[in-house]
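# Coordinate analysis (summary)
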Amino acid sequence: MTEPTTQPAILTIAGSDSSGGAGIQADLKTFAAHGCYGTSAITALTAQNTTGVQDVLPSPPEFLQKQVTSVLSDIDIKAIKTGMLFDGNNVRAAISALKSHYSISSDVGGNIPPLVCDPVCVSTSGHTLLNPSAIDVIIEELFPLAVLVTPNKAEAELILSHRHIESLEDMLLAAEDLLCLGPKAVLLKGGHLTVSAEDVSRVASSYPNLEIVRDGIILNGENMEILKVNSSLAGAQLVVDVLHEILANGQKQTTILCRPRIESTNTHGTGCTLSAAIAAELALSSTLTNAVRRAVQYTYHGIATANSAIGHGHGPLNHFHSMTELVVPKITPTNPYPLTTLLIRRSARVWKAYVEHEFVKLLGKGTLPQRNFIHFIKQDYLYLKYYGRAYALLAAKFNSFPAIDSATQIVLNVLREVNTHETFCASFGITKDELARTPESPATAAYGGYLIDVALRGDATLLLMALLVCLLGYGEVGLWLEKNAQPGNGGWVILQGNPYLRWIEDYAGENYQRAVALGLETIEARATMDPPSLSRFAEWYAVWERCTELEKGFWDMAMNLS
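Reading the values: rules and limits
Residues numbered from 1 in each chain as written. Predicted model: local features only at pLDDT ≥ 70, side-chain atom pairs only at ≥ 80, totals over all residues. Heavy atoms only, no water. Helix = DSSP H or I, 4+ residues; strand = E, 2+ residues; numbered from the N terminus. Buried < 20%, exposed > 50% of the residue type's maximum accessible area, 1.4 Å probe, protein only. Contact = heavy atoms within 4.5 Å. Areas by Shrake-Rupley, 256 points an atom, 1.4 Å probe, with all protein chains shown as cover. Lys, Arg positive; Asp, Glu negative; His and termini not counted. Charge placed at Lys NZ, Arg CZ, Asp CG, Glu CD. Arc of directions from axis to C-beta. Pairing = 2+ DSSP bridges. Salt bridge = Lys/Arg side-chain N within 4 Å of Asp/Glu carboxyl O. Polar contact = N/O pair within 3.5 Å; in protein donor to acceptor, adjacent residues only side chain to side chain. Axes fitted to C-alpha atoms, helices over the stretch in contact; angles between N-to-C directions. Parallel < 35°, antiparallel > 145°, perpendicular 65-115°, else oblique. Left-handed = near helix turned anticlockwise from the far one by under 90°. Nonpolar A, V, L, I, M, F, W, Y, C, P; charged D, E, K, R; others polar. 1 Å grid on protein atoms, 1.4 Å probe; cavity = no way out; pocket = protein on both sides within 12 Å on 5 of 7 lines; lining within 4 Å. Points joined across faces, edges and corners; volume = space filled by probe spheres on them. Phe/Tyr/Trp six-rings, centres within 6.5 Å; stacked < 30°, edge-to-face > 60°. Lys NZ or Arg CZ within 6 Å of the ring centre and 35° of its normal.

Another aspect to go through is the overall build of the protein chain. A count of helices and strands for the protein chain gives 21 helices and 10 strands. Its C-alpha atoms put the protein chain at 95 × 55 × 45 Å along the principal axes. Within the protein chain, the fraction of its 562 residues that count as buried is 54%. Pairs at least 24 apart in sequence give 76% of the contacts found in the protein chain among residues at least 6 apart. Carbon together with sulfur atoms contributes 53% to the accessible area of the protein chain, which is approximately 24,200 Å² in total. With 41 positive and 55 negative side-chain charges, the protein chain shows a separation of 6 Å between the mean positions of the two kinds.

So, in structure tokens, the structure goes:
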């Protein structure tokens, strides 16, 4: 008989949301999504929906205490979270039950499991959920028991006596002051603040010991300019949370967690979900930093994949997005190209060697020897015959007119690219006849033969993988060189007087980048319509990686004149 799967139990002490998006309903869904067993003690019943809270009926303090005691006396609880506690009497009732069960004689100590305190004061719709008299009780009696407190901007301002928090610097100072109130760590949530990448960079330079976690953000140096220019991610506003904690050695550590802002009305229960996810991660033995990071990502994807058709106000999150295992993440507003991002990041070493090849750098500086460029352009001319034929075979594999049109447009782009090659060669005194008589190098034959081999296997998506490495890579090279011609980015690319300026302009230009955008849309649509299994994705990636290696080999050939 097999051992049962470990399913740690968690207790949530919070209010009930009749619409199911927040409170204990959100907590229990979140626990279940993390593979944990949820228990609850209800502090208050609410009559609410996505548009607001109509009424609140608190549990009698004695009954709340009985609920907590009943659960603790029977079930081995591995983590606790508190949400809406309603008033001071209910706060004291919950604390009394906890202290009694865990034999806590002072404000700190005992064997209480990790306790996450979400100091819920106001609902998403703006309804007050905490009696003002309870704030002092929470600070004085509950915070010292907590491993983490998770206030948002408004809650932090209230706890800190109405201090204004208007910037990232204000958040850092506020998190430090909140930590002085007794918890072991503070997660100050920044969803109600507007922050830019420049703000994060400014703060990072002023606070050199900060840990900065960037999730869902394409960083400089990742060689994905094609994804930035073809989406709305460039210059996007960020959501930034600040985690300030006391480590085991007594030292303090501050971590900033950044991610692109999602414009969504599906934010009902966001705070409840986040704190519940942290509690679940702690119950599963994650470190606090890892628990917070994973919970932030879980909540973020809950917003990104939410069903906007539920309710007429601030709708709920999708708590079970993680229950469907996807090899390639779903397309979201902040990740419009999940497949391409995954492919580039997984092949980061060879992709970088390809798009930042020494050939490319010398070309950008205008110092590439002419004989190397001529050797390259001749071989590339011959390669384009393979490339165009492969795209024609791709068009033949499609059975819808939009898909056929997409592949045909690329073939037309190839013909325009051939014209560019002929023009370049003519400027160096090379005729069309000489081009046609040029013998293929081993690198050209190997790459072209591989393309045709993949084309004849019968899988359209597999062939797309092979073809897009060239399309996207040259688009990336064009944008990378264009970017590095700007003084603010180093300005090492020389455009004025560069003998290869036409080549750079062509691949960074509107026509070629339009083809790149079309290629991105095509491959992402294929992955969405027919999500790959692990084994199928492995086949896709193997072709992508091999073609990236062959592309690098093509530059090598040009440098070696082989």
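Don't stop here, the text continues.
Buried within helix 12 (residues 348–355) are the following residues: Val 350, Trp 351, Tyr 354 and Val 355. Projected down its long axis, helix 12 shows its buried positions confined to an angular sector of 125 degrees, all on one face. Those residues of helix 12 that are buried are in contact with helix 11 (338–346), helix 13 (358–365), helix 18 (460–483) and helix 21 (534–560).

Turning our attention to the environment of Leu 11. With respect to the helices, strands and loops of the structure, Leu 11 is situated in strand 1 (residues 9–17). Classification of Leu 11 as buried rests on a relative accessible area of 0%. When the C-alpha atoms of Leu 11 and Val 71 are compared, they prove to be 7.9 Å apart, with 60 residues separating the residues in sequence. Contacts of Leu 11, omitting those with residues within four sequence positions, involve Thr 39, Ser 40, Ala 41, Val 68, Val 71, Leu 72, Ile 77, Ala 79, Ile 80 and Lys 81.

Turning next to the pairing of strand 4 (residues 77–82). Judged by how many residues are buried, strand 4 sits mostly within the fold: 5 of 6 residues are covered. Sheet topology note: the strand 1/strand 4 ladder contains 5 bridges and is parallel. Note on strand 4: the bridge partner recorded for Ile 10 is Ala 79. Both strand 4 and strand 5 (residues 115–117) contribute to a ladder of 3 bridges, which runs parallel. Bridging from a neighbouring strand, Thr 82 pairs with Cys 117 of strand 5.

The next thing to look at is the pattern of salt bridges. Working definition: two side chains of opposite charge can pair if their charged atoms are close together. Applying the stated criterion across every chain yields a total of 24 salt bridges. Across the pair Glu 141 and Arg 92 runs a salt bridge, and its minimum N-O distance is 3.9 Å. Of this pair, Glu 141 sits in helix 4 (residues 134–142) while Arg 92 sits in helix 3 (residues 88–101); the two residues are 49 residues apart in sequence, bridging distant segments of the chain. For Glu 157, the salt bridge identified is with Lys 153, shortest N-O distance 3.1 Å. Taken together, the residues span about one helical turn, with Glu 157 and Lys 153 both in helix 5 (residues 153–159) at a distance of 4 residues. By relative accessible area, Lys 153 is classed as buried at 15%. One connected set of salt bridges, linked through shared partners, spans Glu 169, Asp 199 and Arg 202.

What follows is about the environment of Asp 215. Tracing the backbone through its elements, the reader meets Asp 215 in the loop between strand 8 (211–214) and helix 8 (225–229). For the pair Asp 215 and Thr 194, spaced 21 residues apart in sequence, the C-alpha to C-alpha distance is 17 Å. Excluding its chain neighbours within four sequence positions, the residues that come into contact with Asp 215 are Cys 258, Arg 259, Pro 260, Arg 293 and Gln 297. Of the polar contacts made by the side chain of Asp 215, one reaches the side chain of Arg 293; its length is 2.9 Å.

What follows deals with the packing of helix 1 (residues 23–33) against helix 9 (residues 270–283). It is the contact of helix 1 with helix 9, at a shortest axis distance of 9 Å, that shows an interaxial angle of 40 degrees. Accordingly, the angle class assigned to the pair helix 1 and helix 9 is oblique. Crossing hand, helix 1 versus helix 9: right-handed. Of helix 9, the residues touching helix 1 (which contributes Gly 23, Ala 26, Asp 27, Thr 30 and Phe 31) are Cys 272, Thr 273, Ala 276, Ala 277 and Ala 280. Looking at the contact of helix 1 with helix 9 residue by residue, the classes come out as 6 nonpolar, 3 polar and 1 charged.

A complete count under the given rule lists 4 cavities of 30 Å³ or more for this structure. As for the largest cavity, its lining consists of Asp 380, Leu 384, Tyr 387, Ile 410, Asn 413, Val 414, Glu 417, Cys 470, Leu 471 and Tyr 512. Among the elements of the structure, helix 14 (370–397), helix 15 (401–427) and helix 18 are those that each provide at least two residues to the lining of the largest cavity. When residues in the lining of the largest cavity are grouped by element, the largest group, 4 residues, is from helix 15. In terms of residue class, the lining of the largest cavity is built from 7 nonpolar, 1 polar and 2 charged.

Our focus in this paragraph is the packing of aromatic side chains. All told, the structure shown has 21 aromatic pairs when counted by the stated rule. Pairing Tyr 507 with Tyr 512 gives two aromatic rings, centres 4.9 Å apart and planes at 80 degrees, and the pair type is edge-to-face. Over the aromatic face of Tyr 541 sits the side chain of Arg 346, whose NZ or CZ is 5.9 Å from the ring centroid.

All right, on to the pairing of strand 1 then. Burial analysis of strand 1 places 9 of its 9 residues in the buried class, which makes it a mostly covered element. One ladder, built from 8 bridges, connects strand 1 with strand 2 (residues 37–49); its direction is parallel. By the bridge assignment, Ala 9 is partnered in strand 2 with Tyr 37.

Across the interface, helix 14 lies against helix 17 (residues 442–455) with an axial gap of 9 Å and an inter-helix angle of 5 degrees. Regarding the angle of helix 14 to helix 17, the classification is roughly parallel. Taking contact as the criterion, the partners of Gln 379, Leu 382, Tyr 383, Tyr 386, Tyr 387, Arg 389, Ala 390, Leu 393 and Lys 397 in helix 14 are, on helix 17, Thr 444, Ala 445, Tyr 447, Gly 448, Gly 449, Leu 451, Ile 452 and Ala 455. Considering only residue class, the contact of helix 14 with helix 17 consists of 11 nonpolar, 4 polar and 2 charged.

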